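Working through the structure, step by step
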Amino acid sequence: MLAIPYKQRLTYMPFVLLLVFLISCTSEVPDSTSTTAVPAADTLREFKLVVDANELLLDSPVFMKMDPSTGHLFLYDNGPKTIFELDKESKVINRFGGSGGGPGELSKITGLYVSDSFLYAHDPQEFFIHRYNRENGEVTTYNYGQRTTDLDAPPTMGTIITNHHPSNSRTVTLDGNILRPSHEEGEYLYELIDWEGNHLADIAPLPESYQADLETEAYRQVLENGEVPATDLHRVFPVADRANPNEIFLVYSANPKIEKYDMSGNKLWEVGVPPTPEMDTLRMDHLGFVQAMRFTRQIPMRKYAWGTSGPDGALFLATYTNLSLPVTMRTLWVHRFGADGELTHRFALPNSEETILLPFIAVDTETGRILTVSMASGEIRAYPFEL
């Protein structure tokens, strides 16, 4: 099925990964006693293989989605553009997609969404959202534009996160409706539409301080002041609440906070994410990169990169790991929040150029495992945790 092993694919890393000398780094797995403002950090080093690359011959696994009702894992491999469904014994029982631009075929996806009856895949390169019937494989496609990009452009390490980052991207809700980003229209962050494109609700007003444009020097000055640039205030991604299908979490990835909305557009609550050493490290990485490279273009600030929820309404958020910035590989942090938005646990998964753990996590709350991809080896790893 797949021919190029992972370690050969690492030769496609963008040059920025070689510039580690630009920013000196310190250990960012702090002592659990170093702060009393946030929960103590639990470092997860032990793991078990869920998928061995030598057995499934994965090419470029990117992200996963756990179906808590069955315990099945849906895994997207960017090489063959295929979504694999694995059962509890990690056996492949279904394949969806395949490379191409036809019905159900994929060129690149930015998210997987799983309900009891359907699997959804958003392909922004084709302007498609595919809906696969999990029972019979029937495909229905929602088309919202025209493809304008090249299918054959090979992915690089730096573009993996950039291309798959979920902020301000179309998202499918648990009941099969679509959250369409609407911030460019100037009033709300998202519009909820049905599968035919009919308006249902507006979700989340655009932050008052948001600016679509900011001069680069002003952008740099804002970072030096320890603030979030106004051009990044709208960066948000929705996470379905498995415990309340009519509600969603909105996770602000640059200015970390969490909001809760129902599908009528009513805001239920808002909480700020308390400061943590790992978040401050990401801010300093970003500032150092901008200062050292003297870019004339602005690189979006990212702190949270991915999220998922459990059947109990708990929210798990993974931090950005800086694969597209010239810094030493950052620890993958996973923050667990209770159903009310309180930060309850911080899990550190040590990272390196020899592992390259991606932040596109899945969480098996039934067995207490955080699943992630080791890009260096092509393995899917499960890190046990305790609450």
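What comes next concerns the included structure. Because the structure is predicted, anything quoted here is derived from the model rather than measured.

Focus on the overall build of the chain
The helix and strand tally for the chain stands at 5 helices and 25 strands. The buried share of the chain, reckoned over its 387 residues, is 58%. For the chain, the share of sequence-separated contacts (at least 6 apart) that also reach a separation of at least 24 residues comes to 50%. Total accessible area on the chain stands at roughly 16,200 Å², and carbon and sulfur atoms take up 46% of it.

Some remarks on the packing of aromatic side chains
Enumeration according to the criterion identifies 16 aromatic pairs in this entry. Here Phe 127 and Tyr 144 contribute two aromatic rings whose centre-to-centre distance is 5.4 Å and whose plane-to-plane angle is 80°, an arrangement assigned as edge-to-face. With Phe 127 in the loop between β8 (118-123) and β9 (128-133) and Tyr 144 in the loop between β10 (139-143) and α3 (157-164), this residue pair connects regions lying 17 residues apart in the sequence. Within the aromatic cluster, the residues linked to one another by ring pairs are Phe 118, Tyr 120, Phe 127, Tyr 142, Tyr 144 and Trp 195. Directly above the aromatic system of Tyr 252 lies the positively charged group of Lys 257, at a separation of 4.7 Å from the ring centroid.

Focus: the sheet that holds β8
The pairing of strands in a sheet happens through backbone hydrogen bonds and is either parallel or antiparallel. In spatial order, the strands read β7-β8-β9-β10; together these 4 strands make up an open sheet with antiparallel pairing. At either margin of the open sheet sits one strand with a lone partner, and together these are β7 (111-114) and β10. Here the strands of the sheet are splayed against their neighbours by 20° on average, with no regard to which way each runs. Across 4 bridges, β7 lies against β8 in antiparallel orientation. Across the sheet, residue Tyr 113 finds its bridge partner in β8, namely Tyr 120.

Some words on the environment of Asn 136
Along the chain, Asn 136 falls in the loop between β9 and β10. Using a relative accessible area of 53% as the deciding quantity, one classes Asn 136 as exposed. Sequence separation between Asn 136 and Ser 117 is 19 residues, and the spatial gap between their C-alpha atoms is 10.0 Å. At 2.9 Å, the side chain of Asn 136 forms a polar contact with the backbone nitrogen of Glu 138.

Comments concerning helix α4 (residues 216-224)
An α-helical turn contains 3.6 residues, so any two residues separated by three or four positions project in the same direction. Among all positions of α4, only Thr 216, Tyr 219, Arg 220, Val 222 and Leu 223 are buried. Looking down the long axis of α4, one finds its buried residues gathered within 160° of arc, a one-sided arrangement. Note on α4: the residue one or two positions beyond its end, Gly 226, has a positive phi of about 80°.

Some words on the sheet that holds strand β6 (residues 92-97)
The strand order across the open sheet formed by 4 strands is β3-β4-β5-β6, and the pairing between neighbours is antiparallel. Looking at the sheet topology across the chains shown, the edges are occupied by β3 (61-67) and β6. Mean inter-strand twist for the sheet, computed between neighbouring axes without regard to direction, equals 20°.

Quick notes on the pattern of salt bridges
Taken as a whole and judged by the stated rule, the model has 18 salt bridges. Between Glu 247 and Lys 260 there is a salt bridge, with its nearest N and O atoms 2.9 Å apart. In this pair, Glu 247 sits in strand β16 (residues 247-252) while Lys 260 sits in strand β17 (residues 257-262), placing the two residues 13 residues apart along the sequence. Classification of Lys 260 by relative accessible area gives buried; the value is 3%.

What counts, and where the lines are drawn
- Residues numbered from 1 in each chain as written.
- Predicted model: local features only at pLDDT ≥ 70, side-chain atom pairs only at ≥ 80, totals over all residues.
- Heavy atoms only, no water.
- Helix = DSSP H or I, 4+ residues; strand = E, 2+ residues; numbered from the N terminus.
- Buried < 20%, exposed > 50% of the residue type's maximum accessible area, 1.4 Å probe, protein only.
- Contact = heavy atoms within 4.5 Å.
- Areas by Shrake-Rupley, 256 points an atom, 1.4 Å probe, with all protein chains shown as cover.
- Phe/Tyr/Trp six-rings, centres within 6.5 Å; stacked < 30°, edge-to-face > 60°.
- Lys NZ or Arg CZ within 6 Å of the ring centre and 35° of its normal.
- Pairing = 2+ DSSP bridges.
- Axes fitted to C-alpha atoms, helices over the stretch in contact; angles between N-to-C directions.
- Polar contact = N/O pair within 3.5 Å; in protein donor to acceptor, adjacent residues only side chain to side chain.
- Arc of directions from axis to C-beta.
- Salt bridge = Lys/Arg side-chain N within 4 Å of Asp/Glu carboxyl O.

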